[in-house]
Amino acid sequence: MPDATTRSGGTATAVPPVVVLRPTPAVPLTPVTPAGPAGPAVRPWPSAYLRLGLLLTLLAAAATAVLVFDPQRLLTEGWPPQLGGFAAAGVFALAYGVCTVAFVPRPLLNLAAGALFGSALGLTSALAGTVLGAGLAFGLGRALGQDALRPLLRGRWLKAADGQLSRHGFRSMLAARLFPGVPFWAANYCAAVSRMRTLPFLVATALGSIPNTAAYAVAGARASAPTSPAFLIALAVIGLPALAGTVLAWRKRHHLRAR
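Residues numbered from 1 in each chain as written. Predicted model: local features only at pLDDT ≥ 70, side-chain atom pairs only at ≥ 80, totals over all residues. Heavy atoms only, no water.

Caption draft 1: The arrangement of the overall build of the protein in detail. Across its full length, the protein carries nine helices and two strands. Tracing the protein from N to C terminus, the helices and strands come up as β-β-α-α-α-α-α-α-α-α-α. Long-range pairs, those at least 24 residues apart, make up 76% of the contacts in the protein with a sequence separation of at least 6. Looking at the protein as shown, the accessible area adds up to about 16400 Å², and 70% of this sits on carbon and sulfur atoms. (Helix = DSSP H or I, 4+ residues; strand = E, 2+ residues; numbered from the N terminus. Contact = heavy atoms within 4.5 Å. Areas by Shrake-Rupley, 256 points an atom, 1.4 Å probe, with all protein chains shown as cover.)

Set out below in structure tokens:
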């Protein structure tokens, strides 16, 4: 390396920088295990299809029990005489929830609630039974059917409905409850198979079911006076949402096809 000249006229030799080498920490090597023969695949028990079979068995048993019990007798024979007031309404709400899981039509149960307990208490009991039945169906469908049914969502309409419920669960379920068209049980199990959360599902069910449930409860309470204003208004409240739901579904059909 060339020398540098100092101010006094002498020369100074440039000293090269000293490089300090630091030891690199040793990286432990993961031992490679030689590949052996593939063992049998471990399947979780119960499997998704076994759980789906259990769900279908429970629903079939519940539907059979309801057919044997014949809930239509509530409209003709009334509630057991040993129960009355809020206790009878509470038991009716429990029975209501179980019956909706077993595919009993809600309009029939709402009419029975109004006929048995009047407009106000009948609405309260029917609405409580509605939320209970929806929660039971949602929980059963989510625990026993979701894993087996989600891989089957391959059609365009099925994917569109699943995406709508998964991304916009609250408003989608609120619209489904406000505008009749989708059966109550079908909406419950579709929401369970989707990725919709439980709390928005229950809140949307409670809020969206109030108008229709109230209309049926009033109609059941005033069935003895079919020409009364309350009965006629109840019929209008029942019919108008159904008509609005039909129009809305017709207008949205192109949007769903485009997904």
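Caption draft 2: Spotlight on the layout of surface pockets. The space that makes up the second largest pocket amounts to roughly 320 Å³. Residue lining of the second largest pocket: 20 residues in total, with Arg106, Pro180, Val182, Pro183 and Phe184 positioned closest to the centre. Elements supplying a minimum of two residues to the lining of the second largest pocket: helix H4 (106–149), helix H6 (169–178), helix H7 (184–193), helix H8 (198–221) and helix H9 (229–257). (1 Å grid on protein atoms, 1.4 Å probe; cavity = no way out; pocket = protein on both sides within 12 Å on 5 of 7 lines; lining within 4 Å. Points joined across faces, edges and corners; volume = space filled by probe spheres on them.)

Caption draft 3: Focus on the side chain of Ser172. In this structure, Ser172 sits in helix H6. Residue Ser172 is classed as buried on the basis of its relative accessible area, which comes to 15%. From its side chain, Ser172 meets the backbone oxygen of His168 in a polar contact 2.6 Å long. Ignoring anything within four residues of it in the chain, the contact list for Ser172 reads Gln164 and Leu165. (Buried < 20%, exposed > 50% of the residue type's maximum accessible area, 1.4 Å probe, protein only. Polar contact = N/O pair within 3.5 Å; in protein donor to acceptor, adjacent residues only side chain to side chain.)

Caption draft 4: Local environment of the pattern of salt bridges. Under the criterion given, the structure shown has one salt bridge. Among the salt bridges present, the one from Arg51 reaches Asp147, with a minimum N-O distance of 3.1 Å. One end of the pair, Arg51, is in helix H1 (residues 48–69); the other, Asp147, is in helix H4, with 96 residues separating them in the sequence. A relative accessible area of 19% places Arg51 in the buried class. A residue is classified by how much of its surface remains accessible, and Asp147, at 43% relative accessible area, is partly exposed. (Salt bridge = Lys/Arg side-chain N within 4 Å of Asp/Glu carboxyl O.)

Caption draft 5: Main features of a nonpolar patch on the surface. Together, Phe170, Leu199, Val203, Leu207 and Ile210 make up an exposed nonpolar region whose accessible area comes to about 420 Å². Along the polypeptide, Ile210 turns up in helix H8. (Patch = residues over 30% accessible without salt bridge, like charges linked within 9 Å, V, L, I, M, F, W, Y side chains within 5 Å.)

Caption draft 6: Highlighting unusual backbone geometry. Even without a glycine there, the phi angle at Phe103 is positive, about 70°. Inspection of the secondary structure puts Phe103 in the loop between helix H3 (85–101) and H4. Phe103 gets classed as partly exposed once you look at its relative accessible area, which sits at 34%.

Caption draft 7: Summary view of the packing of aromatic side chains. In this structure the tally under the stated criterion is four aromatic pairs. Aromatic pair Phe92 and Tyr96: ring centres 6.2 Å apart, planes at 65°, arrangement edge-to-face. With a gap of four residues between them, Phe92 and Tyr96 both fall in helix H3, about one helical turn apart. Here the two residues Phe92 and Tyr96 agree in accessibility, since each one is buried. With centroids separated by 5.5 Å and ring planes inclined at 70°, the aromatic side chains of Phe92 and Phe117 adopt a geometry described as edge-to-face. Remark: Phe117 occurs in helix H4 and Phe92 occurs in helix H3; sequence separation between them is 25 residues. When sorted by exposure, Phe92 lands in the same class as Phe117, which is buried. Above the plane of the ring of Phe184 lies Arg106, whose end atom (NZ or CZ) is 4.9 Å from the centre. (Phe/Tyr/Trp six-rings, centres within 6.5 Å; stacked < 30°, edge-to-face > 60°. Lys NZ or Arg CZ within 6 Å of the ring centre and 35° of its normal.)

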